[in-house]
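In case you want the letters, here they are:
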Amino acid sequence: MKSTVVRSPWLALALVLSLCLSLSFASWDAEDEGRGSRRWQEGGDERRSGESGRPYHFGEESFREWAKSRHGHFKVLERFDHELLRGSIGDYRVACLDAAPRAFLQPSHYDADEIAFVREGEGVLVLLRNGKRESFCVREGDVFVIPAGSIVYSANTHRSKWFRVVMLLNPVSTPGSFQEFSPIGFGGEQPQSFFSVFSDEVIRAAFNTRQREDVDRVFETKSRGEGQISEGSEEQIRELSRSCSRGGRGGGGGSGSEKEDIQPRSLTGEKPRYSNKHGRFHQITGDQCHHLRKLDMDVTLVNITRGSMTALRYTTRSTRIYIVVEGRDGYFEMACPHVSSSGRSERREHEQEREREHGHGRRSEERGQEHGRRSEEEEHGHGGEQEKSRGYRQVRAQIKVGSVIVLPAGHPATFVAGNEGNLALLSFGVGANNDEEVFVTGGNSVLKQLDEAAKALAFPQQARELADRVIRAQPESVFVPGPQQQRRVADM
């Protein structure tokens, strides 16, 4: 009895300490859980991914400057290095060129194929390859392909408009990483000439000259010091564009199918593949461009009328990389599979216990990042052993000019234009040969092909007639009225 009385205060103290520690751990876990799940929840709605759209959405802040001067800049998007994207498009890079009037881009070559779209303006593009010079006039709406290793130089030929180009690069040396090789050096922080690294005896023999200094004087300095993007006079730009060609008429050399492969093609000049009052889309496939077929790619331009949207659809084989080229108040939504966490509860508990024992010294943001990574792996079913999807999460983000969006094959998605203007998106389809676009809503919904026996088995008996009405209620195909338009019609 005495012994019990003596231990009572210690027992009470132990209980208090235990309760405090429990509350502390509970608070730590809740804080950690909040950080990890923030990307997947918004306003308590567990179907949503939050407004970042990561890892499928990239904003302008995800680009870095590759070359810059007062006459323009060349920007490159960060690598598609997330495990959900790496396997399908990890080898590719998105880039944007903005060149001021009369800007001149110095000769260089990349160890990458370039597929480019002229978003705005006009210019002259000159390729040195196969021992010949090929000169092309390009303008807004054109698509062209530059084979890896071609020495290229170009200029903005418009007097007042900027020349803006969006491109996808497919590196041929190192997956996901490309390099520029310039024969002309610019001094300072600008790239040096690749000739500069060769030995004196090699340079003298290669150029058949006795003076290495003569070669350096030609290739290693740029008198005006303006870097890779400089400015030409009106007369110089006129001279550059004098011999350029369009649509196979003339040009600076080359013939036959090789030349046809890289001829610029007008994406917007042809009849749209589909069009209605809510939008239109143009497409160039491998059937129209042999070089695109070799690269297993296509190029599409989607223009959605203000307040409208695309019907829900997915691709069967291609991963599509979208770049917003017009619009500032649109958004996209995509259904993304996730895996139930119930099968991993035991593992999570073990990990949390281990963190309690050994992780008190770790910074809180490191814990949040680690938990966020685990949460994302579980949501998408890529956290080790493959598990069946138990449901879907909504990936959503606001988009504007410069935004990049990735839609993997098989993922149903839509783009919605806001009420302030049209929304235009350029799309590079990777893995596009034999690809098919499948619509699951709208007048051409594949669900309309369900036969009666399948409907009887798939839908509850009391909902079969309703299912027919729901599936067939939307008469428009491909482009349909958006949420705002639909609400206005409902209110009338």
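Residues numbered from 1 in each chain as written. Predicted model: local features only at pLDDT ≥ 70, side-chain atom pairs only at ≥ 80, totals over all residues. Heavy atoms only, no water.

**Quick look at the overall build of the protein**
The secondary structure content of the protein amounts to 12 helices and 27 strands. The buried share of the protein, reckoned over its 492 residues, is 46%. When contacts within the protein are restricted to residue pairs at least 6 apart in sequence, long-range pairs at least 24 apart make up 77% of them. (Helix = DSSP H or I, 4+ residues; strand = E, 2+ residues; numbered from the N terminus. Buried < 20%, exposed > 50% of the residue type's maximum accessible area, 1.4 Å probe, protein only. Contact = heavy atoms within 4.5 Å.)

**Here's the deal with the state of the cysteines**
Considering all chains together, one arrives at 1 disulfide under this definition. In this model Cys137 forms its disulfide with Cys244; the gap between the sulfur atoms is 1.7 Å. Sign of the S-S torsion, about 55 degrees for the bond between Cys137 and Cys244, identifies this disulfide as right-handed. With Cys137 in strand β8 (residues 132-139) and Cys244 in the loop between α5 (234-241) and α6 (256-262), this pair connects stretches of sequence that are 107 residues apart. For Cys137, a relative accessible area of 22% puts it in the partly exposed group. We classify Cys244 as buried; its relative accessible area is 15%. (Disulfide = S-S within 2.5 Å.)

**Section: the pairing of strand β11 (residues 163-171)**
Most of β11 sits inside the fold, with 8 of its 9 residues counted as buried. Relative to β11, strand β4 (residues 93-99) is paired through 7 bridges, and the arrangement is antiparallel. Paired with Asp98 across the bridge in β11 is Arg164. As judged from the 8 bridges shared by strand β6 (residues 112-120) and β11, these two strands associate in the antiparallel manner. Counted as the bridge partner of Val118 is Val165 from β11. (Pairing = 2+ DSSP bridges.)

**A word on the side chain of Gln106**
With respect to the element layout, Gln106 can be found in strand β5 (residues 103-110). Here Gln106 falls in the buried class, since its relative accessible area comes to 9%. A distance of 3.1 Å separates polar atoms of two side chains, one belonging to Gln106 and the other to Ser230. (Polar contact = N/O pair within 3.5 Å; in protein donor to acceptor, adjacent residues only side chain to side chain.)

**What about the environment of Leu407?**
On the secondary structure map, Leu407 appears in strand β23 (residues 404-407). When the C-alpha atoms of Leu407 and Glu333 are compared, they prove to be 10.0 Å apart, with 74 residues separating the residues in sequence. Leu407 has contacts with Arg313, Ser318, Thr319, Arg320, Tyr322, Phe332, Met334, Ala413 and Phe415, leaving out every residue within four places of it along the chain.

**Some points on the packing of aromatic side chains**
Counting across every chain of the model gives 11 aromatic pairs. Ring geometry for Trp66 and Phe178: centres 4.7 Å apart, planes at 20 degrees, overall stacked. In this pair, Trp66 sits in strand β2 (residues 63-69) while Phe178 sits in the loop between β11 and β12 (180-181), placing the two residues 112 residues apart along the sequence. We classify Trp66 as partly exposed; its relative accessible area is 24%. The class for Phe178 is buried, based on a relative accessible area of 3%. When the ring of Tyr322 is compared with that of Phe415, the centres are 4.8 Å apart and the planes differ by 55 degrees; the resulting orientation is tilted. Of this pair, Tyr322 sits in strand β20 (residues 319-326) while Phe415 sits in strand β24 (residues 413-416), placing them 93 residues apart in sequence. Here the aromatic cluster, defined as three or more aromatic residues joined through ring pairs, consists of Trp66, Phe74, Tyr110 and Phe178. (Phe/Tyr/Trp six-rings, centres within 6.5 Å; stacked < 30°, edge-to-face > 60°.)

**Some words on a nonpolar patch on the surface**
Taken together, the side chains of Val197, Phe198 and Val202 present a nonpolar region at the surface, about 280 Å² in accessible area. Along the polypeptide, Phe198 turns up in the loop between β12 and α3 (200-207). By relative accessible area, Phe198 is classed as partly exposed at 42%. (Patch = residues over 30% accessible without salt bridge, like charges linked within 9 Å, V, L, I, M, F, W, Y side chains within 5 Å. Areas by Shrake-Rupley, 256 points an atom, 1.4 Å probe, with all protein chains shown as cover. Salt bridge = Lys/Arg side-chain N within 4 Å of Asp/Glu carboxyl O.)

**A short note on the pattern of salt bridges**
Applying the stated criterion across every chain yields a total of 19 salt bridges. The partner of Arg396 in a salt bridge is Glu333, and the shortest N-O contact between them spans 2.6 Å. Note that Arg396 is positioned in strand β22 (residues 391-399) and Glu333 in strand β21 (residues 330-338), a separation of 63 residues in sequence. One salt-bridge network, held together by shared partners, links Asp98, Glu120 and Arg164.

**So, the pairing of β22**
Of all 9 residues that make up β22, 7 are buried, and the element is covered over most of its length. The sheet contact formed by β21 and β22 spans 9 bridges and is antiparallel. The residue bridging Met334 from the neighbouring strand is Val395, located in β22.

**Things to note about the packing of α3 against helix α4 (residues 212-219)**
Contact geometry for α3 and α4: axes closest at 9 Å, N-to-C directions at 80 degrees. With respect to each other, α3 and α4 are oriented roughly perpendicular. Residue-level contacts link Asp200, Ile203, Arg204 and Phe207 of α3 to Arg212, Val215 and Phe219 of α4. Tallied by class, residues from the contact of α3 with α4 come to 4 nonpolar, no polar and 3 charged. (Axes fitted to C-alpha atoms, helices over the stretch in contact; angles between N-to-C directions. Parallel < 35°, antiparallel > 145°, perpendicular 65-115°, else oblique. Nonpolar A, V, L, I, M, F, W, Y, C, P; charged D, E, K, R; others polar.)

**As for the confidence of the model for the protein**
Scored by pLDDT, the protein comes out at a mean of 81, with 73% of its residues at no less than 70. Contacts from residues 1-7, a stretch scored under 50 in pLDDT, to residues over four places away or in other chains number 0 contacts. A low-confidence stretch, residues 248-260 stays under pLDDT 50, and its non-local contacts, those more than four residues away or across chains, total 26 contacts. (pLDDT = per-residue confidence, 0-100.)

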